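The lines below spell out each chain.
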Amino acid sequence: MEMGFFPKKAAAGAVVACLSAGPVLAGDSLAHRGDLSAAERAKVARVLQEPADFERAEAFEFMQGGAGTSKRRPDRDAFSRSNSNIGFEEEQTFKLGNGLFKKLWTSSPSSTQASDGLGPLFNARSCQGCHPKDGRGRPPLAGEEAVSLFLRLSVPPQTEAQRRALAAGDMLAVPEPTYGGQLQSFAVSGLAAEGRFDIGFEEIEVPLNGEAAVVLKKPVYNVRDLGYGAFAAGTMISPRVAPPMIGLGLLQAIHPGDIEMLADPEDRDGDGISGKISQVRDPATGTSAIGRFGWKASTPTVRAQTAAAFSGDIGISTPERPDNSGDCTEAQQECRGRPHGEQARLGVSEAPDPVMDLVTFYSENLAVPMRRNADDAEVLEGKQVFYEAGCPACHQPKFVTSRNAANPAHRYQLIWPYSDLLLHDMGEDLADHRPVGSANGREWRTPPLWGIGLTETVNNHTRFLHDGRARNLLEAVLWHGGEARAARDRVAALSPDDRRSLVRFLESL
């Protein structure tokens, strides 16, 4: 059953307050929303207005994942609960998907034929290995091997065919010819892993108004113990931590026109923010689509992201990525010659359609936790600072999802992801100098902020940004450059009390 955009049991007064929040936007600003009637477009336009004041929480602000928001008390499982508005049978599907998400894959041949096919090269043995408790990865501690942080690899195009493929979107980056698109730190028994890496640091001091400067630590990566010879000349390396899994189905349900309306690649309005859409090829249809997932917005759907992770991270083939050798390249013939786990009686690939269906459904229906303290006075002060600093220019607070979303539970939901899903130039300090599809080496997708304040509760750390370099939320803000430099400078110039209020607001998300 389709759920409405307001929570089922909302009081009539709350609905009136929400609809009275501001005037209708000039003209029909949502004319692109063919899924909505004219009356619904006017209603949505009012709801999406910026708050009229910061004296109180906005209507439904606590329900940041719409009607599917998890209302359970936050604990270590806060990111692992199903959307509250899915049905009984879907809950069973969710639980089966959860089992597969946690499943430890084994190398072939194995007596557990439904679980073999690991690798031969891999970064983790399960989806949960990269996304612990469905949450955020982190850099390795001293003496640890990296699991939830890995290195992407690519080289500049070497041939005219590669240049044409990149221009047409048939490939997003050219893999390193020996090591492929990702450095795998583990391998099945008897096979050499691709390599390891160490992390050093350079210090960057950022002065703050009214208190001591913050010393940021910029990571520097040193790859060692390469198992298959030296990297090709010009190899580009980009570290990535695994992002949290919550709310992915809702992000997928945002109407493409709403994302297009926020894009301003030429900065025609002169505000210094020039977000652009990542255009990628949808493997399911072969057509161009908006990239929404991954640090560079390089995949268009949850299913495509799932297939990419199975292949690159675990070495498991899927119908979308049928190579049973995973990321093993033609230069790694011993790797490609290893046994695989495809079983003809179970279907094509090591993770056939039934497995992909379940894991995708699970990934699409992990609930966003309810906001905490959204009406607290200091949190509201921090929200006002967030707006006045200009953060919503990229961290778009709210959307109303499409009525045409594939899953009824995701349709016509008021959600609060705090992301525009666009690519933005984040400056030299955050640059990886590695283009991927539409994204150049300085651009990153705006990461959603919902749930960010529960990172320590769920994952026992507070490491943020694409490589986990930020040790807390304030550092994450202070790393912002490029288009976000003006907002970063405003935060640095705040009084200490206002900065603390801003952090309190972020912690409430």
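The structure this text deals with has already been given above.
Residues numbered from 1 in each chain as written. Predicted model: local features only at pLDDT ≥ 70, side-chain atom pairs only at ≥ 80, totals over all residues. Heavy atoms only, no water.

S.K.: Please explain the sheet that holds strand S3 (residues 182-183) as it appears in this structure.
M.R.: To summarise the sheet geometry, strands pair through backbone hydrogen bonds and adopt either a parallel or an antiparallel arrangement. What the three strands build is an open sheet, ordered S3-S2-S7; its pairing is antiparallel. Both outer strands of the open sheet, S3 and strand S7 (236-241), are each paired with one neighbouring strand and no more. Where strand S2 (residues 149-154) and S3 come together, two bridges link them in antiparallel fashion. Across the sheet, the residue bridging to Arg152 is Gln182, located in S3. (Pairing = 2+ DSSP bridges. Helix = DSSP H or I, 4+ residues; strand = E, 2+ residues; numbered from the N terminus.)

S.K.: What exactly am I supposed to notice about the state of the cysteines here?
M.R.: Here, disulfide denotes a covalent bond that connects the sulfur atoms of two cysteines. Throughout the structure, instances matching the rule amount to one disulfide. Through a disulfide, Cys328 is tied to Cys335; the S-S separation comes to 1.7 Å. Not part of a disulfide, Cys127 finds its nearest cysteine sulfur in Cys130, a span of 8.2 Å. For Cys391, which is in no disulfide, the shortest distance to another cysteine sulfur is to Cys394 and amounts to 8.8 Å. (Disulfide = S-S within 2.5 Å.)

S.K.: Would you mind going over the packing of aromatic side chains with me for this structure?
M.R.: Remark: the centre distance and the inter-plane angle together describe each pair of aromatic rings, the angle taken between the planes. Counted by the stated rule, this structure contains 12 aromatic pairs. Note on Phe54 and Tyr387: the rings are 5.3 Å apart at their centroids and 55 degrees apart in plane angle, and the pair reads as tilted. With Phe54 in the loop between helix H2 (38-47) and helix H3 (88-102) and Tyr387 in helix H11 (residues 377-388), this pair connects stretches of sequence that are 333 residues apart. In this pair, the class of Phe54 matches that of Tyr387, namely buried. (Phe/Tyr/Trp six-rings, centres within 6.5 Å; stacked < 30°, edge-to-face > 60°. Buried < 20%, exposed > 50% of the residue type's maximum accessible area, 1.4 Å probe, protein only.)

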